[in-house]
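# Coordinate inspection notes
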Amino acid sequence: MELFKLVFFQKALLACLFAGITCGLVGVWIVIMKISFIGVAVSHAAFAGALCALVMGQSVILFSFLFSLMACAVLGPLSDKGQIHPETSIGIVFSLTLGLAFLFMGMIPEGKSQALNLLWGSILTVSFGDIKLLAATSAMVILILVLFFKEIQAVVFNRQLAKASGISASFFFYIILLLTGVSVSSTLKSVGGLLVFALIINPAAAAYQITYNIKKMYLISVLFAIFSGWAGLFIAAFLNLPAGASIVLVSSMVFALAVIFSPKRFIKNIT
């Protein structure tokens with residue numbers, strides 16, 4: 001209970017709460033659309049932007065936002081105009097951003113400790129400004145989801161049918177990519193560029209094992225993501241482990257348990 005009296009731990013708990021909400025919601029879209037690799041590509045783009053900011057002495061948050069948004073801006077048109085499957089375009093962007101990340105890391109004039117913090121995350125050192133950014137991102141994702149729930153649901157399940165029914169499928173697909181980029185950038189400092197995609201994918205994939213109802217899937221995914229964050233924090237505190245890695249490992253364990261005890265698996269075995 002002494003941990004709750006520590007200000008840095010209170011801030012870490014809040015960061016996990018808002019990061020869980022954001023990643024849990026966005027993860028459902030990515031898992032259902034079967035473009036899970038997008039989390040890897042966008043997270044590396046944000047990481048490359050953060051490293052570029054360190055090289056140029058600029059704002060890490062601003063540049064990570066710019067790079068991740070540029071990556072998302074390329075992914076959509078590359079898939080649509082170039083007649084390329086989304087997974088292929090994601091692989092192209094991923095290879096580019098990975099190369100840029102290594103390039104900028106080699107150009108950093110001072111020690112590499114800042115770069116490593118961005119790579120692995122440092123949730124125990126988040127500031128109130130970081131928490132406000134996470135809260136604002138969560139609010140934006142929730143607002144857009146509420147306002148355009150039917151349109152997003154249609155695009156997530158089948159873009160072609162959504163387009164045939166009169167919905168601007170490409171527009172909402174780009175919105176999903178945009179929100180993914182914003183989510184990754186806002187959680188970069190807390191979870192880390194290498195690990196954030198796991199927090200997006202694992203809770204949503206676990207929720208997908210539990211229910212077919214998309215509203216319940218949103219709720220379960222968010223709860224799993226928040227639980228992974230909080231449980232990872234306590235494990236890291238008690239065992240003196242890296243917090244970001246602990247959070248991701250807990251989320252992976254949650255997914256494994258969801259697969260083992262999945263009602264879908266039980267029904268499939270009966271039939």
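Above this note sits the structure.
In this report, we go over the structure that sits alongside the text. Everything numeric in this text was worked out from a predicted model, so none of it was measured. The written sequence of each chain sets the order in which its residues are numbered from 1. Local features in this predicted model are restricted to residues whose pLDDT is 70 or higher, and side-chain atom pairs enter the listing and the counts only when it is 80 or higher, whereas totals over whole chains, interfaces and linings include all residues. Only hydrogens and water are set aside when side-chain values are computed; all heavy atoms of the structure are taken into account.

## Some thoughts on the side chain of Ser-228
Helix numbers and strand numbers start at the N terminus; a helix is a DSSP run of H or I with at least 4 residues, a strand a run of E with at least 2. Mapping Ser-228 onto the fold places it in helix α12 (residues 214-239). Relative accessibility decides the category of a residue: with a 1.4 Å probe and only protein chains considered, values under 20% of the type maximum give buried, values over 50% give exposed, and everything between is partly exposed. Look at Ser-228 and you get buried, because its relative accessible area is 1%. Setting aside chain neighbours within four positions, we find Ser-228 in contact with Leu-199, Ile-247, Val-250, Ser-251 and Val-254. Whether two residues are in contact is decided by their heavy atoms, any of which lying within 4.5 Å being enough.

## Let's talk about the packing of aromatic side chains
For Phe, Tyr and Trp, where Trp contributes only its six-membered ring, two rings pair if their centres lie within 6.5 Å, and the inter-plane angle classes them as stacked under 30 degrees, edge-to-face over 60, or tilted in between. Counting across every chain of the model gives seven aromatic pairs. On the numbers, 5.3 Å between centres and 70° between planes, the contact of Phe-9 with Phe-234 is edge-to-face. With a gap of 225 residues between them, Phe-9 in helix α1 (residues 7-33) and Phe-234 in helix α12 connect regions that are remote in the sequence. Both rings, one in Phe-149 and one in Tyr-218, keep their centres 6.2 Å apart while their planes meet at 65°; by these two values the pair is edge-to-face. Of this pair, Phe-149 sits in helix α7 (residues 149-157) while Tyr-218 sits in helix α12; the two residues are 69 residues apart in sequence, bridging distant segments of the chain. The ring of Phe-128 carries Lys-11 above its face, with NZ or CZ at 5.1 Å from the centroid. Distance and angle both matter: a charge sits over a ring if NZ of Lys or CZ of Arg is within 6 Å of the ring centre and within 35 degrees of the ring normal. In this structure, Arg-159 is placed above the aromatic ring of Phe-173, and the distance from its NZ or CZ to the ring centre is 4.0 Å.

## What to know about the side chain of Ser-68
With respect to the secondary-structure elements, Ser-68 resides in helix α3 (residues 60-80). Polar contacts, as used here, are pairs of N or O atoms within 3.5 Å; protein pairs need one atom able to donate a hydrogen and one able to accept it. Residues neighboring in sequence count only if both atoms are side-chain atoms. Of note is the side chain of Ser-68, whose polar atom sits 2.9 Å from the backbone oxygen of Ser-64. Not counting chain neighbours up to four residues away, the residues in contact with Ser-68 comprise Val-42, Ala-45, Ala-46, Gly-181 and Ser-185.

## Comments concerning the environment of Gly-27
Along the chain, Gly-27 turns up in helix α1. Residue class for Gly-27 comes out buried when judged on its relative accessible area of 0%. Sequence separation of Gly-27 and Ala-205 is 178 residues, and the distance between their C-alpha atoms is 7.8 Å. Ignoring anything within four residues of it in the chain, the contact list for Gly-27 reads Ile-200 and Ala-204.

Taken by themselves, the reported measurements are silent on function.
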